[in-house]
Amino acid sequence: MKLTHSLIIFVQVLVLTCASPALAKSPQKPIIQSILDDTYQKFKHEESGKNADYIPALAKVDSTYFGLAVATPHGEIYTKGDVNQPFSIQSISKVFTLALAMEQKGPQIIVDKIGVNATGLAFNSVTAIELNKARSVNPLVNAGAIATVSLLDGKNEQSKWSVLSAWYDNFANRKLSVLEDVYESESETNGHNRAIAELLSSYNRFYGDVDINLAVYTRQCSVAVTTKDLAVMASVLANNGVHPLTDKRLMSSENVSRVLAVMTTAGLYENSGQWAYQVGLPAKSGVGGGIIAVSPGRFAVAVFSPRLDGAGNSVRAQQAINFIAEKLHANIF
Ligand code: GLU
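Computed from a predicted structure; not experimentally measured.

**Focus: the UniProt feature "binding site: substrate" (unreviewed entry) in the protein chain**
The positions that UniProt labels "binding site: substrate" (unreviewed entry) are, in the present scheme, Ser 91, Asn 142, Glu 186, Asn 193, Tyr 217, Tyr 269 and Val 287. Relative to the assigned elements, Asn 142 resides in helix α7 (residues 142-151). Note that Tyr 269 resides in the loop between α13 (253-266) and α14 (272-278). A relative accessible area of 4% means that Tyr 269 is categorised as buried. If we skip the residues at most four places from it in the chain, Tyr 269 touches Ser 91, Lys 94, Leu 121, Phe 123, Leu 140, Val 141, Lys 284, Ser 285, Ala 311 and Asn 313. Separated by 3.2 Å, the side chains of Tyr 269 and Lys 94 make a polar contact.

Printed below as a string of structure tokens:
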């Protein structure tokens with residue numbers, strides 16, 4: 001009886017490994033690399049969408065960039081295309097700022113002071129603040145994200161920024177810099193975000209000085225990353241909070257689950273439901289053209305392509321990640 005049971009398990013493992021060779025560690029290398037190569041070929045001529053232009057510096061970025069990177073919990077990194085080209089992280093930063101706020105203050109504060117529901121509305125929606133009694137609703141849309149910065153420890157802009165930037169560096173496993181032209185450009189044109197912060201403040205849903213926290217938020221969005229950096233940063237989430245390259249725990253595993261949950265509800269803004277339905281991976285986009293997606297325990301993928309759809313999500317990065325996720329049978333649902 002026992003022997004039959006063991007035999008069944010052995011056969012099941014064998015079947016699973018053969019049916020999904022991308023799951024097994026050793027054959028993963030050629031498979032993931034060839035999937036990235038195929039993805040690049042398939043989408044290299046895709047030209048739909050257009051660069052964000054409400055931040056003038058983003059309109060100037062070469063729209064043809066296309067970078068693909070996958071990082072695994074084993075520390076393996078696979079790349080294709082323009083993976084070393086720096087670009088601004090934009091809203092993908094919100095994921096890591098949320099992680100820091102949770103680590104500093106505990107996860108409940110996000111529920112109590114920000115919210116974790118989807119808005120179903122645009123990333124910078126003021127209507128969402130007016131429609132919801134709780135005002136800010138989610139840390140991955142602008143209102144909740146700027147308010148999350150206001151929760152972070154630090155008395156002034158410099159002290160907040162030094163902790164936050166060092167936190168990002170830990171995820172990237174290198175010192176990141178700020179694209180000063182993007183920072184200047186966004187600072188000169190971020191009246192809308194200022195209005196959001198002031199409005200939240202008027203509803204007592206902002207937890208510090210508007211100028212200071214808006215400046216830190218704008219700076220975090222202007223951090224320069226490469227596609228490869230983003231895959232490495234996201235691989236910490238894929239590895240349950242431990243950095244695959246340093247073996248250091250950066251986040252508790254409970255907080256990783258919560259961050260991934262919020263990425264699922266709002267990572268692609270008003271298209272998050274459609275994304276979950278189609279792709280089935282927690283993800284986060286940025287108007288700089290990057291998107292990260294996480295397959296817990298298996299891999300993190302990052303794609304950079306600056307042309308966006310109407311919701312502010314990179315068109316080609318969505319297509320590429322969808323294709324990669326299908327090839328790797330990664331839908332978590
Ligand atoms: N810095 C951008 C803003 O606040 C981020 C938006 C995004 O990447 O979706 O408008």
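**Quick look at the packing of aromatic side chains**
All chains considered together, the criterion is met by nine aromatic pairs. Judged by centre distance (5.3 Å) and plane angle (20°), the rings of Tyr 40 and Phe 66 are stacked. Of this pair, Tyr 40 sits in helix α2 (residues 28-43) while Phe 66 sits in the loop between α3 (56-59) and β1 (67-71); the two residues are 26 residues apart in sequence, bridging distant segments of the chain. Judged by relative accessible area, which is 1%, Phe 66 ranks as buried. Of the aromatic side chains, those joined through ring pairs into one cluster are Phe 96, Trp 167, Tyr 168 and Phe 171. The ring of Tyr 40 carries Lys 80 above its face, with NZ or CZ at 5.5 Å from the centroid.

**Overview of the side chain of Ser 91**
Along the chain, Ser 91 falls in the loop between β3 (87-88) and α4 (93-105). Taking relative accessible area as the criterion, Ser 91 reaches 5% and is therefore assigned buried. Among residues more than four places away in sequence, those in contact with Ser 91 are Asn 142, Tyr 217, Tyr 269, Lys 284, Ser 285 and Gly 286.

**Side note on the sheet that holds strand β7 (residues 299-304)**
An order of β2-β1-β7-β6-β5 is seen for the five strands of this open sheet, with the pairing classed as antiparallel. Because the sheet does not close on itself, it has two edges, and the strands there are β2 (77-81) and β5 (283-285). When strand polarity is set aside, the average angle formed by the axes of neighbouring strands in this sheet is 10°. In this structure, strand β6 (residues 290-295) lies alongside β7, joined through six bridges in antiparallel fashion.

Criteria and thresholds
- Residues numbered from 1 in each chain as written.
- Predicted model: local features only at pLDDT ≥ 70, side-chain atom pairs only at ≥ 80, totals over all residues.
- Heavy atoms only, no water.
- UniProt positions renumbered as here; feature names shortened; annotations may be inferred.
- Helix = DSSP H or I, 4+ residues; strand = E, 2+ residues; numbered from the N terminus.
- Buried < 20%, exposed > 50% of the residue type's maximum accessible area, 1.4 Å probe, protein only.
- Contact = heavy atoms within 4.5 Å.
- Polar contact = N/O pair within 3.5 Å; in protein donor to acceptor, adjacent residues only side chain to side chain.
- Phe/Tyr/Trp six-rings, centres within 6.5 Å; stacked < 30°, edge-to-face > 60°.
- Lys NZ or Arg CZ within 6 Å of the ring centre and 35° of its normal.
- Pairing = 2+ DSSP bridges.
- Axes fitted to C-alpha atoms, helices over the stretch in contact; angles between N-to-C directions.

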